[in-house]
Amino acid sequence: YEAKESGGRVVVYESGKSPYTHERLRLEAELREAAERHAFEFYYQPFLRLADGRVDEAEALLRWRNRGEVVSAAGFIPLAEETGLIAQIDQAAFSLALWQLVRWQQQGLPYGLSINISAQSAARTGALTELNHLVQHGGLEPYRLTLEITESALLRDPEEVRAALLELKALGVRLAMDDFGSGYASLAYLRQLPLDRIKIDRSFITHLGSSRRDEKLVRAAIDLGHSLEAEVLAEGVETLEQLQWLRENGCDLVQGNLIGLPAPLEAWYPSPVALGRLHLALTPRKPSAL
Ligand code: C2E
Ligand code: MG
Ligand code: MG
Ligand code: MG
């Protein structure tokens, strides 16, 4: 998949593998320098709303342009976490996302962005406080921003993280649980968090249509999300069969290579045209929608 996206050799680092090789040390040095130079950009991956075919939100996924290659987040975020560089990188990503959102806002475009925060940064609540500050002082309509957190972000100091998330939520920022089902969040904890969305992990979506067991689990996850009064998004949708199944089973939003690969903004821009085409391709035509 990643090779398809960037057209190049991609996996540069696998966590836990030969930790002290020359290759790792070189990458670490390069990543450190990139973090200082803010040498990162976002690729954007759209969310499709199944009820009406609307596409007005995307996930901002960090990319690192290194030695002429575009490195996916999966290829450097683990290293960034192990080296502590993630704090700086998350800060840079926040600024980038807010800058883009304010731009859309000024252009009168109705788009939103969903951004990721590493479990490590979330647990260091300073990062959430800084995000709070950026939102309050950046002139942003806060509902345009969704913050994706993972279940593991809640493990270390749940009360403190929860308090910081509640403050963001009070501002109007939306909260999503990322990779839902792949971590350790308890029902008790989910109940205490005012989630706007849960994103069902791709590993559960892959076998829709062939695994009855996974289908039952995804149905249960959709019900659980709705019981929490959250929207439910399915990650990693790659086939029409999966899309159909999710539509029939009440999932609200889908994201994945079938709908759109993560791509630089230019690839979507002017967005209304590109997104409109997606709309027509994926939804039955309704006169009112045209
Ligand atoms: P995630 O938040 O779960 O993002 C989804 C990942 O799945 C992305 O990988 C995306 O490219 C990939 N993906 C999307 N659709 C499909 C599909 O249909 N099939 C397959 N096989 N893969 C698909 P990516 O961009 O490499 O990001 C990996 C992870 O890195 C993200 O997982 C997220 O946890 C983290 N990440 C990305 N951007 C940031 C960031 O700005 N800050 C932080 N802290 N973490 C980030
Ligand atoms: Mg995410
Ligand atoms: Mg995810
Ligand atoms: Mg994931």
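Cut-offs applied
Residues numbered from 1 in each chain as written. Chains lettered and ligands numbered in written order. Predicted model: local features only at pLDDT ≥ 70, side-chain atom pairs only at ≥ 80, totals over all residues. Heavy atoms only, no water. Core = buried A, V, L, I, M, F, W, Y, C linked by side-chain atoms within 4.5 Å. Buried < 20%, exposed > 50% of the residue type's maximum accessible area, 1.4 Å probe, protein only. Helix = DSSP H or I, 4+ residues; strand = E, 2+ residues; numbered from the N terminus. Contact = heavy atoms within 4.5 Å. Axes fitted to C-alpha atoms, helices over the stretch in contact; angles between N-to-C directions. Parallel < 35°, antiparallel > 145°, perpendicular 65-115°, else oblique. Nonpolar A, V, L, I, M, F, W, Y, C, P; charged D, E, K, R; others polar. Donors = N, O, S within 2.8 Å, 3.2 Å for Na, K, Ca; no water. Expected span 1.5 Å × (residues − 1). Pairing = 2+ DSSP bridges. Right-handed = clockwise from strand over helix to strand, strands pointing away.

Trainee: Please set out the nonpolar core residue by residue, giving values where relevant.
Mentor: Judged by nonpolar contacts, the single largest core of 80 residues is most densely connected at Leu147 and Leu246. With nine residues, the top contributor of residues to this core is helix α4 (residues 86-106). Setting aside residues up to four positions removed in sequence, leucine 246 forms contacts with Leu50, Ile205, Leu208, Val218, Ala234, Val237, Cys251 and Val254.

Trainee: Help me get a handle on the packing of helix α6 (residues 125-137) against helix α7 (residues 158-171), residues and values and all.
Mentor: Between two packed helices, both the angle of their axes relative to each other and the distance between the axes serve to describe the pair. Axis separation between α6 and α7 bottoms out at 9 Å; the angle between their running directions is 10°. It follows that α6 is roughly parallel to α7 by the angle criterion. Note on element contacts: α7 touches α6 through Glu160, Val161, Ala164, Leu165, Glu167, Leu168 and Leu171, opposite Thr125, Leu128, Leu131, Asn132, Val135 and Gln136. Residues of the contact of α6 with α7, tallied by class, amount to eight nonpolar, three polar and two charged.

Trainee: Got a sec to walk through the coordination of the magnesium ion (ligand 3)? Specific residues and values, please.
Mentor: Looking at the magnesium ion (ligand 3), the protein donor atoms are Asp178 (OD), Asp179 (OD) and Glu235 (OE), and they sit 1.7 to 2.4 Å from it. All donors of the magnesium ion (ligand 3) belong to a single chain; written as a sequence motif, their spacing is D-D-x55-E. In this structure, the magnesium ion (ligand 3) lies 3.6 Å from the magnesium ion (ligand 2), and both are coordinated by aspartate 178. Taken together, the residues aspartate 178 in strand β6 (residues 174-180) and glutamate 235 in the loop between β8 (231-234) and α11 (240-248) connect sequence positions 57 residues apart. For glutamate 235, a relative accessible area of 10% corresponds to the buried category.

Trainee: Kindly report on helix α2 (residues 22-37), identifying the contributing residues and their values.
Mentor: The end-to-end C-alpha distance of α2, which contains 16 residues, comes to 23 Å, matching closely the 22 Å that a straight helix rising 1.5 Å per residue would cover. Restricting attention to buried positions, one finds in α2 the residues Arg24, Leu27, Glu28, Glu30, Leu31, Ala34 and Ala35. Buried-residue contacts for α2 involve β1 (40-49), β2 (57-66), α3 (73-83) and α4. Two residues or fewer past α2, histidine 38 is found with a positive phi of approximately 55°.

Trainee: Account for the pairing of β8, naming residues and giving values.
Mentor: Regular strands show a simple pattern: their side chains alternate between the two faces of the sheet. Of the two faces of β8, both are covered, the one formed by Glu231 and Leu233 as well as the one formed by Val232 and Ala234. Direction of pairing for strand β7 (residues 197-200) relative to β8: parallel, over a ladder of four bridges. Across the sheet, the residue bridging to isoleucine 200 is alanine 234, located in β8. Bridge analysis of β8 against strand β9 (residues 253-254) gives two bridges, and the strand direction is parallel. Counterpart to leucine 233 in the pairing with β9 is leucine 253. Regarding topology, α11 serves as the crossover connection from β8 to the parallel β9, and that connection is right-handed.

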